[in-house]
Each structure stands twice: as C-alpha cells, then as structure tokens.
Amino acid sequence: MKFTKAEIDAIIEASPRTFVPFNKLVLSQDYQARAGDTSKMSIAELAASIKECGVLQNLVVVQGARGRYDVCAGGRRLEALTLLVGSGDLADNYPVPVLIVPADKALIASLSENVFHIPMHPADEFAAFAKLIGQGKSVEDVAAAFGVTPLVVKRRMKLATVSPKLITLFREDQIGLDCLMVLASVDDHQKQEQTWAALPSWNRRPDYLRQLLTQGEIESDRDAVAKYVTLKAYEKAGGALRRDLFSDDEKKAYLLDAALLEKLATDKLQKRAKQIAAEGWKWVDVRVRYAFDEYVKYGELRKTKRQPDAKEAAALEDLDGRIAALHAQMEALADEDGNEEAFSQLEGETEGLEEQRKALDEALSEWPADLMALAGCVVHVGTNGAVAVKCGLIRPDDRSDMVHAARQAAENGTDEPLVSLPSPKTRPVHSEKLVRCLTAHRVAAVQAELLDRPDVALAAITAHLAQKIFRGNDLYYCRSENVFAISATDSQSELRSAAEDMEASAAWTKLQAERTAWAERLPENLEDIFPWLLAQEQATVLHLLTFVVAVTVTGIYGTEPERQSNEALARALGLDMTQWWTATGASYFNHVSKARVLEVVTEAVDANAASPLAALKKDAVVTGAEQTVAGTGWLPAVLRVQALPTAGECSESLQGEEEEPALAG
C-alpha cells in the first residue's frame with residue numbers, strides 16, 4: 001500500500017506530543033523503517049548539540065508494556081542522549097520530547113522521519129555558524145555546542161564569506177565543496193568570481209584552481225628562498241602574508257612581498273659571501289637565485305688533483321680493501337636464497353664506505369691558488385633552500401689573462417686542463433634566409449651537373465642504397481606494399497621555397513628542360529613505366545636513373561655548416577659554382593651589410609677598389625660592388641667546394657691542437 005506525504009502528515013498531526021523520561025525509552029525493533037542515515041553529524045557532535053541546546057526535534061514513539069515507550073524514529077538522538085546520561089551530563093529521568101503514534105501507524109511515522117526528511121544544506125550550516133558568532137557567541141562556544149574543534153568553526157565561517165554568487169552555484173551543485181574551500185582561501189569576491197569564470201569546465205580541479213588564485217604569491221614551504229629566509233624572519237621584518245585556514249599544515253603561509261623576501265635573502269647571503277671572498281677569489285657576486293643566462297658567457301676554472309699524503313693514501317687503501325671485501329661477500333650471497341636481510345646489511349655498509357671514499361677523493365681536488373685571483377664565485381640560494389656557491393667563474397674581461405696564466409701553469413708541469421672557455425659567439429655574416437637561398441642554388445647546380453654524369457649518379461645511388469642495407473632496418477616501418485624498399489623525394493618545391501630567384505637560374509632552366517623531355521617520353525600511365533624501361537636500351541635507363549637521382553639531392557641549410565652533406569658529391573662532379581651563380585645586388589649584396597660588401601670587394605679585387613666605395617651610401621655601394629666584382633668569379637664560402645686536406649695539413653692541424661694543453665674548449 002502506497003502512502004502520500006499528505007496522508008502521513010495527517011497521521012502525525014493527530015498524534016499527541018508530550019515529554020517522556022529518558023529512562024522510559026527503548027529502541028524499537030519492530031517499527032523502525034531504517035531508511036538510512038541522512039545526517040552528516042556524528043553522535044558526538046549530536047550529543048554536544050543536545051547538551052547545549054536540548055532536543056530540538058521530537059522522537060516518534062509507540063506506547064509499550066509496563067510504562068515503556070518504543071522509539072521508532074529518532075534512534076540517533078536516543079543514542080546521543082544515552083551518551084550524555086552515561087557521562088553524567090544529563091539526569092537519568094531527563095524529559096525527552098516525543099510524538100506518540102498508534103502502533104499500527106508507527107512504521108508510517110518512521111517513514112515520514114526518514115524518507116521525507118530533507119537534511120540541511122552545508123551552505124545553511126555555514127550561514128548558521130556565522131549568525132551564532134554574530135549574536136555574540138564565541139568560536140569556542142559554537143564549537144562546544146556542535147561537538148567540533150574551533151578550527152572547524154573558523155573554516156565553516158570562512159566558507160560563509162565566499163561570494164554570494166558562488167555560494168548559489170554551490171547550492172546548485174555547480175561548485176564542489178573542495179573547490180569552495182580553495183575559493184574561500186582569498187577574501188576578494190571579485191577575484192574569486194573571475195578566477196572561477198576563467199577555470200575551464202574540463203579542468204575544475206582544486207589544485208589547478210589554487211594555482212590560479214595564488215599566482216604571484218610565494219609558498220613558504222615550497223619556495224627555496226622562503227625556506228632559506230624562514231617564515232619567522234619574514235614576519236619579524238613586517239612582511240605581508242596570507243594563511244590558508246584549509247591547509248593541513250598550520251605553519252604554511254603565502255608571502256605577498258617578494259621584494260622584501262629578496263632583500264632579506266640578499267642580506268643573509270652577504271655573511272657567506274664575505275667568507276668566500278676571504279679565500280682569495282677576485283670577486284664574489286651575491287644573487288638570490290643563480291641565473292644561468294647571466295653567466296653563460298663566463299669561462300670556468302677547474303680544480304687540480306694533488307697526490308695524497310701518506311695518511312690519506314693509507315686511508316684510501318684501507319677503504320678500497322674493505323669495500324672489495326664487502327663486494328665479495330655480496331657476490332657470495334647473491335646465489336643463495338633467504339639471505340635478503342644479510343645482503344641488504346652488507347649493501348648498506350658498502351654504500352657508507354663508498355661515501356667516505358668519495359669524500360676523501362674530493363678532498364684531494366683543490367682550486368689552483370695562483371689562478372683563483374683571476375676568477376670569482378656566485379653565492380646564491382640553492383634549490384634545497386640552503387646556501388650554494390658556484391666557484392671558479394671567469395669573466396670575459398679576465399679571459400686573456402687567465403689563458404696566459406693557465407699556459408704558464410702548463411709549462412710548470414700541470415697536465416690537466418685548468419680552464420674551460422665558452423666558444424665565442426659572433427654575429428653570422430649571412431642571415432638564415434640568405435644561407436638557405438645560396439645553398440638552394442648550390443643544390444640545384446649539383447643536380448644540373450649530375451644530369452651529364454650518369455656514372456656518378458649510378459655510383460651515388462648504389463652507395464646510398466648500400467649504406468641503408470648495411471645500417472640495418474631497426475627503424476624501418478612498412479607503410480605500403482612496395483616491390484623495393486626505396487623512396488625518392490623530389491626537392492623542386494623546397495628549392496623554389498628557399499630561393500625566390502630560383503626559377504631564373506641556369507640550373508633550374510636545365511632541370512626543367514630535362515623534366516619536360518622525360519614527361520613527354522614516358523608512358524602516360526605511370527604503371528607502364530617498368531615494362532617500358534625493359535624495352536629500352538641501358539643508356540636510356542641510366543639517363544632516367546640519373547635524372548631521378550639528381551632531383552633528390554638535398555642540402556639546404558639555415559646557418560652555414562662546417563661541412564655540407566653534398567660536399568663529396570660536389571667534389572666528384574668538379575662543381576664550379578661560378579658557372580651557375582654570380583654575385584649581384586639581387587643575389588647577394590642587398591642582403592648583407594655595407595661593411596660586408598666592402599670586405600667582399602677587397603677580397604675579390606683589392607683594398608684600392610673598395611676604398612672609393614666606403615664613403616657612399618648602401619645603394620651606391622651595392623651598384624659599385626656589382627660592377628667591380630663582375631668577372632672575378634668571387635663566391636661566398638658556402639658556395640665553394642672544399643678541397644680534400646693533404647696529409648701534411650692534417651699533421652699541422654693536430655700539432656696546433658696540442659699547443660694549449662692547459663685549456664679545455
């Protein structure tokens with residue numbers, strides 16, 4: 001039989017309400033619906049509330065035998081009352097408000113209590129806590145009344161201060177409680193609303209929300225500088241901060257004054273900097289954080305390793321012997337079962353001895369005292385929140401003096417490289433666009449030259465395929481069924497993209513003429529090419545192979561390489577780029593500086609030819625240079641074919657490398 005809420009309400013309305021002594025109440029085993037616990041309050045919290053405010057909602061009972069009353073709704077309240085009576089907070093005959101219903105209606109009344117009961121929304125609870133505080137109740141009073149800690153009360157009051165717009169979304173289940181707690185960590189309603197609005201619907205996670213809200217703030221327990229300065233020192237200096245009531249770490253705070261934090265860190269680092277300076281370094285920089293980019297142009301001094309004295313040598317020998325003995329024991333145990341504990345113990349002892357061995361070995365490395373006066377250090381805060389020192393840096397201004405001093409040290413018998421210097425970075429002569437254009441012309445010229453040399457083309461493709469076969473197929477992935485695992489890519493579009501004037505070049509003209517000729521000769525159906533080639537003379541096959549190989553040649557660069565990939569091929573062809581490219585205003589001079597133009601004229605002709613151009617403006621210099629250089633056959637280095645080095649040149653190069661044993665590049 002189904003009952004409506006109205007019918008159940010009518011039954012309850014007709015039942016008498018009264019008070020019954022606690023010692024007359026027993027929990028019914030027959031009339032409880034037990035639809036489930038809808039309350040989020042623990043028995044202890046409920047007991048504290050009853051102690052402070054009394055039983056605010058009556059129990060539903062059925063009159064039983066011998067003056068007893070069976071409780072069919074309100075079992076948790078009865079349990080909380082039992083707790084209070086047992087602790088002596090309430091008398092055994094404490095009057096409890098009840099609703100007495102007929103036995104045949106008891107189960108229906110229990111249903112009303114459980115099924116139609118609507119629990120209080122958490123937002124109402126937050127507001128209620130805030131109202132109690134507003135009425136003069138202390139945090140401790142409210143905490144005692146509801147059986148919670150003062151921190152819980154403070155947190156719920158804090159949640160009540162969240163923007164009303166966001167509280168509405170919370171009531172509508174559009175914001176979770178975990179996210180609401182994060183939003184409550186800041187007081188600015190506008191910031192709360194803007195941050196929530198900016199949060200993507202697919203990433204509404206508390207940690208990401210906290211990340212957005214705390215941008216620009218410094219976490220006291222995570223930031224290395226904050227840990228080094230310490231929260232206590234920052235607060236003592238008057239630094240502004242914000243604490244998060246919802247953090248599990250009560251000591252955690254968000255620091256709001258980054259400038260003050262940096263000043264405190266710098267002041268604290270100065271003491272360590274004075275100690276470092278006293279060691280004999282030329283300079284000491286103090287930086288809150290070590291910035292690699294700031295010192296990327298600096299060289300580095302290296303430590304030298306001295307020979308151990310008798311005591312140190314004996315200690316090292318003893319450690320080596322003990323470590324070797326432990327390793328032998330571990331190897332003996334490795335093949336035995338059930339000795340994991342013994343093995344782990346030996347492993348721990350070995351690690352400890354190896355740490356001692358490492359410390360002794362490091363003590364033998366020292367900074368060269370005579371070179372320290374030309375180098376310096378940076379004192380900074382390390383990633384672990386402790387002082388860190390980067391020693392042995394060489395300023396660019398001290399580089400030449402350091403090189404000279406290092407060479408003297410090498411002459412005095414120092415075999416180890418003492419100095420590591422970064423390669424000097426110079427501004428490239430040619431822009432990336434120009435280098436791509438020039439190397440594209442070189443590729444086109446190699447392709448055009450290759451058309452007349454089927455012997456070279458055949459050798460080149462054979463070598464290319466042999467390299468692929470002998471290199472292995474570990475990285476080979478089959479994408480389609482092919483007769484041969486060979487691919488060829490026409491570089492025509494790449495050449496045209498890299499050089500805007502490509503189509504006007506002689507190499508391009510020759511290549512396109514050959515392409516057109518073959519397009520007219522080959523069958524219209526590309527699948528018929530193979531049987532068509534079978535019927536041709538070998539010379540025809542070689543010429544087609546030569547064309548295909550030629551148009552796959554690559555080698556376009558954005559920066560000038562030390563050696564180009566097609567160098568050997570160009571050398572085999574006897575490539576002469578003066579037959580394919582000429583330096584003009586459009587092809588070269590308009591794309592480089594005036595100083596470079598004068599340098600080219602000097603190189604191609606002489607200084608006397610360049611001198612009159614120096615006083616002219618760029619346009620006039622370009623015109624004059626084009627006329628002066630015409631017919632000289634000048635080429636930029638990137639277009640020249642390098643000659644193979646002779647045995648004597650190789651020997652001289654090696655000797656040159658051995659002249660500076662004290663330097664490391």
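Residues numbered from 1 in each chain as written. Predicted model: local features only at pLDDT ≥ 70, side-chain atom pairs only at ≥ 80, totals over all residues. Heavy atoms only, no water.

**Notes on the overall build of the chain**
If you tally the helices and strands in the chain, you get 29 helices and 16 strands. A buried classification covers 36% of the 665 residues belonging to the chain. Relative to all contacts within the chain whose residues are 6 or more apart in sequence, the contacts with residues 24 or more apart total 72%. (Helix = DSSP H or I, 4+ residues; strand = E, 2+ residues; numbered from the N terminus. Buried < 20%, exposed > 50% of the residue type's maximum accessible area, 1.4 Å probe, protein only. Contact = heavy atoms within 4.5 Å.)

**Topic: helix 10 (residues 189-198)**
Along helix 10, the positions that sit buried rather than exposed are Gln 192, Thr 195 and Trp 196. The buried side chains of helix 10 occupy one side of the element, clustering within an arc of 100° when seen end-on. Opposite the buried face of helix 10, by more than 90 degrees, sit the exposed residues Gln 190, Ala 197 and Ala 198. Here the buried face of helix 10 lies against helix 8 (164-171), helix 9 (177-183) and helix 11 (206-213). The residue sitting at the N-terminus of helix 10 and contributing the capping side-chain oxygen is Asp 188; that oxygen lies 2.9 Å from the backbone nitrogen of Gln 190. (Arc of directions from axis to C-beta. Polar contact = N/O pair within 3.5 Å; in protein donor to acceptor, adjacent residues only side chain to side chain.)

**Brief notes about the nonpolar core**
Most often, soluble globular proteins have nonpolar side chains that are buried together. Counting residues in hydrophobic clusters, the biggest one holds 56 residues, and the most contacted among them are Leu 450, Leu 495, Met 577, Trp 581, Tyr 588 and Phe 589. When residues no more than four places from it in sequence are discounted, the contact partners of Tyr 588 are His 430, Leu 434, Leu 438, Trp 581, Arg 596, Val 600, Trp 634 and Pro 636. Judged by nonpolar contacts, the second largest core, of 37 residues, contains Ala 226, Tyr 228, Leu 371 and Cys 391. (Core = buried A, V, L, I, M, F, W, Y, C linked by side-chain atoms within 4.5 Å.)

**Topic: the environment of Pro 561**
Residue position: Pro 561 is located in the loop between helix 24 (538-550) and helix 25 (567-573). Sequence separation between Pro 561 and Val 638 is 77 residues, and the spatial gap between their C-alpha atoms is 8.1 Å.

**Some thoughts on the sheet that holds strand 1 (residues 17-21)**
The strand order 1-5-3-4-2 describes an open sheet built from five strands, whose pairing is mixed. Of all strands in the sheet, those bounded by a partner on one side alone are strand 1 and strand 2 (25-27). Neighbouring strand axes in the sheet, compared pairwise and without regard to direction, differ in orientation by 50° on average. Direction of pairing for strand 2 relative to strand 4 (residues 69-73): parallel, over a ladder of three bridges. Directly across from Leu 25, in strand 4, lies its bridge partner Tyr 69. (Pairing = 2+ DSSP bridges. Axes fitted to C-alpha atoms, helices over the stretch in contact; angles between N-to-C directions.)

**Some thoughts on a negative patch on the surface**
Together, Glu 347, Glu 351, Glu 354, Glu 355 and Glu 362 give the surface a local cluster of negative charge. Within the fold, Glu 355 resides in helix 16 (residues 340-363). (Patch = residues over 30% accessible without salt bridge, like charges linked within 9 Å, V, L, I, M, F, W, Y side chains within 5 Å. Areas by Shrake-Rupley, 256 points an atom, 1.4 Å probe, with all protein chains shown as cover. Salt bridge = Lys/Arg side-chain N within 4 Å of Asp/Glu carboxyl O. Lys, Arg positive; Asp, Glu negative; His and termini not counted. Charge placed at Lys NZ, Arg CZ, Asp CG, Glu CD.)

**Comments concerning the confidence of the model for the chain**
When the pLDDT values of the chain are averaged, the result is 81; 84% of them are 70 or greater. In this model, residues 472-481 is a region of pLDDT below 50 whose contacts with residues beyond four sequence positions or in other chains number two contacts. Per-residue pLDDT stays below 50 along residues 648-665; that stretch engages in 26 contacts with residues further than four places along the chain or on separate chains. (pLDDT = per-residue confidence, 0-100.)

**A closer look at the pattern of salt bridges**
Under the counting rule described, the total for this entry stands at 27 salt bridges. Taking the shortest distance from any N to any O, the salt bridge between Asp 187 and Lys 158 comes out at 2.4 Å. Here the residue Asp 187 occupies a position in the loop between helix 9 and helix 10, and Lys 158 occupies one in helix 7 (residues 150-160), the gap between them amounting to 29 residues. Take Asp 187: its relative accessible area is 58%, and that puts it in the exposed class. Between Arg 395 and Asp 285 there is a salt bridge, and its shortest N-O distance comes to 3.6 Å. Residue Arg 395 is located in the loop between strand 14 (387-394) and helix 18 (399-411), and its partner Asp 285 is located in strand 9 (residues 283-286); the two are separated by 110 residues in the primary sequence. Look at the salt bridges and you will find they share partners, linking Glu 219, Asp 221, Arg 222 and Lys 252 into a network.

**Examining the packing of aromatic side chains**
On inspection of all chains with the given rule, the structure shows seven aromatic pairs. A centroid spacing of 5.3 Å and a plane angle of 80° characterise the contact between Trp 281 and Trp 367, whose relative ring orientation is edge-to-face. Here the residue Trp 281 occupies a position in the loop between helix 14 (258-277) and strand 9, and Trp 367 occupies one in the loop between strand 12 (365-366) and helix 17 (369-372), the gap between them amounting to 86 residues. Its relative accessible area of 6% is what places Trp 281 among the buried residues. If you follow Arg 242 out to its NZ or CZ, it ends over the ring of Tyr 254, 4.4 Å from the centre. (Phe/Tyr/Trp six-rings, centres within 6.5 Å; stacked < 30°, edge-to-face > 60°. Lys NZ or Arg CZ within 6 Å of the ring centre and 35° of its normal.)

**Looking at the sheet that holds strand 6 (residues 218-219)**
Each strand in a sheet pairs with another by means of backbone hydrogen bonds, the pair being arranged parallel or else antiparallel. Ordered by their spatial adjacency, three strands build an open sheet running 6-8-7, and the pairing between neighbours is antiparallel. Each of the sheet's edge strands pairs with one partner strand only, and the pair in question is strand 6 and strand 7 (241-242). Pairing analysis gives two bridges linking strand 6 to strand 8 (residues 254-255), with the strands arranged antiparallel. When the bridges of strand 8 are listed, Glu 219 appears paired with Tyr 254.

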